[in-house]
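So the chains spell out like this:
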Amino acid sequence: MNVTRFAPSPNGPLHLGHAYSAIVAHDLARQSGGRFLLRIEDIDGARSRVELADEFREDLAWLGLEWDEVPAQSSRVDEYEVAAATLAAMGLLYPCKCTRAEIAAASKAMGPDGPVYPGTCLIDPPKGEEPVAWRLDVAAAMARTGMLTWHDELAGEQVARSDLSGDVVLVRKDADTPASYHLAVTLDDAADGVTLVTRGADLFAATHVHRLLQELLGLPVPRWHHHALLLDSDGKKLAKRRGSPSLAGRRRAGEDGKALADQLRAGELPTGITLSAYLHDPV
Ligand code: GLU
């Protein structure tokens, strides 16, 4: 029995890629007699727009999906703080004041999330009063846990390469955005009882970090299902910022959402859209 989830961030409308992701998660739950959860990931500070969450619910209903909604991230901030304090007490977090530009200039390697943090503040801790982010000392964390593995339903058994992303931020500088995606999503999936984490293959590398956090925090280890991505005619993944047509727009234009969902299930994609051939970025 799979407990799966769809976890959209309300920072822009849902598009066809989200529909595909939600349908995959929904069907993997239903086929096993399990539960499909909706979780609104709304801790992205100023970029989160509350009204979009209602639109998301309407979009999912229009696609013919049924779900159980679990608490939004904004209601779970205290739990993120407790977990961060636990990791800090283990000596695994360090403060960092570096800006994106400083990191880009000093970084020597490109990771899945962009330039890998060069460890500036690990070597030379910030002394001033300015706001700091808290980063995970990944080498120290991996030394503590030893080798870890995780299982993806499509890609098979994986050795956790938690070092690929470098020392990720777990607590952000910005007081409006208390926890980073990595910390919040790992805690939420455990709290919500998710047993099969379904999401796009673009988040494959993030799972290496999540597996490490699960081990450090004593959380249950789910299985994963990273699905292929819908690509536009330029071969790029559909994206809010690239203006992919929204589900809400299709819905308001009178399109039949259930028929669209069945077409996606059958692999019948609208003209110009293809499914990525790769399951995850090879590393
Ligand atoms: N909130 C994330 C997003 O909208 C998804 C996170 C996940 O599925 O792990 O991209």
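Everything below is about the structure shown above.
Throughout, a residue's number is its position along its own chain's written sequence, starting from 1. In keeping with the model being predicted, local features are shown solely for residues with a pLDDT of at least 70 and side-chain atom pairs are shown and tallied solely at 80 or more, while totals for entire chains, interfaces and linings include all residues. Here the side-chain values reflect all heavy atoms present in the structure, with hydrogen atoms and water set aside.

1. Considering the site of the ligand
So, step 1. Whether a residue is near a molecule or strand depends on its heavy atoms: if one lies within 4 Å, it is near. Looking at the ligand, the residues that line it are R5, A7, P8, S9, E41, Y181, V185, R199 and L203.
So, step 2. A distance of 2.7 Å is found between a nitrogen atom of the ligand and a backbone nitrogen or oxygen belonging to A7.
So, step 3. Taking S9, its side chain carries an N or O atom lying 2.9 Å from a nitrogen atom of the ligand.
So, step 4. Any residue that is not Ala, Val, Leu, Ile, Met, Phe, Trp, Tyr, Cys, Pro, Asp, Glu, Lys or Arg is counted as polar, Gly included; the first ten are nonpolar and the last four charged. Of the residues belonging to the shell around the ligand, the class tally is 5 nonpolar, 1 polar and 3 charged. Contacts described as polar in this section are N or O atom pairs within 3.5 Å, which, within protein, must combine one atom able to donate a hydrogen with one able to accept it, while residues neighboring in sequence count only if both atoms come from side chains.

2. Here we look at the pattern of salt bridges
So, step 1. Note on definitions: salt bridges are taken to be side-chain nitrogens of Lys or Arg within 4 Å of carboxyl oxygens of Asp or Glu. Summed over all chains, the structure comprises 22 salt bridges.
So, step 2. In this structure, the salt-bridge partner of D188 is R39, at a minimum N-O distance of 3.5 Å. Of this pair, D188 sits in helix 7 (residues 181-191) while R39 sits in the loop between strand 2 (35-38) and helix 2 (50-62), and the two are 149 residues apart along the sequence.
So, step 3. Only protein chains enter the calculation, and the probe is 1.4 Å; a residue is then buried if its accessible area is under 20% of its type maximum, exposed if over 50%, and partly exposed in between. Under the relative-accessibility criterion, D188 is labelled buried at 0%.
So, step 4. The class for R39 is buried, based on a relative accessible area of 0%.
So, step 5. Of the charged contacts in the structure, one is a salt bridge between R265 and D262, with a shortest N-O distance of 3.0 Å. Note that R265 and D262 are positioned in helix 10 (residues 257-265) at a spacing of 3 residues, about one turn of the helix.
So, step 6. On the basis of relative accessible area, D262 is assigned to the partly exposed category, the value being 44%.
So, step 7. Put simply, R5, R39, E41, R76, E79, D188, D189 and D192 are held in one network by salt bridges that share partners. The way it works is that DSSP assigns letters per residue, a run of H or I at least four long becomes a helix, a run of E at least two long becomes a strand, and they are numbered from the N terminus.

3. Details of the sheet that holds strand 2
So, step 1. Two strands make a pair as long as DSSP finds a minimum of two bridges between them. Taking strand neighbours across the sheet as the criterion, the 3 strands line up as 1-2-3 in an open arrangement whose pairing is parallel. Unpaired on one side and paired on the other, strand 1 (3-6) and strand 3 (68-69) mark the two borders of the sheet.
So, step 2. Direction of pairing for strand 1 relative to strand 2: parallel, over a ladder of 4 bridges. Looking at strand 2, one finds that T4 is bridged to F36.
So, step 3. It only takes one pair of heavy atoms within 4.5 Å for two residues to be counted as in contact. In this analysis, axes come from line fits to C-alpha atoms, helices being fitted only over the stretch in contact, and the angle between any two N-to-C directions falls in the range 0 to 180 degrees. Of the strands in this sheet, strand 1 and strand 2 touch helix 1 (residues 16-30), which is tilted by about 165 degrees from strand 1.

4. Points about the environment of A179
So, step 1. Structurally, A179 can be placed in the loop between strand 10 (169-171) and helix 7.
So, step 2. Taking the C-alpha atoms as reference points, A179 and E268, 89 residues apart in sequence, are found 38 Å from one another.
So, step 3. With sequence-adjacent residues up to four places away left out, A179 is seen in contact with I43, Y80, L170, R172 and A184.

Shape is all these values report; function is a separate question.
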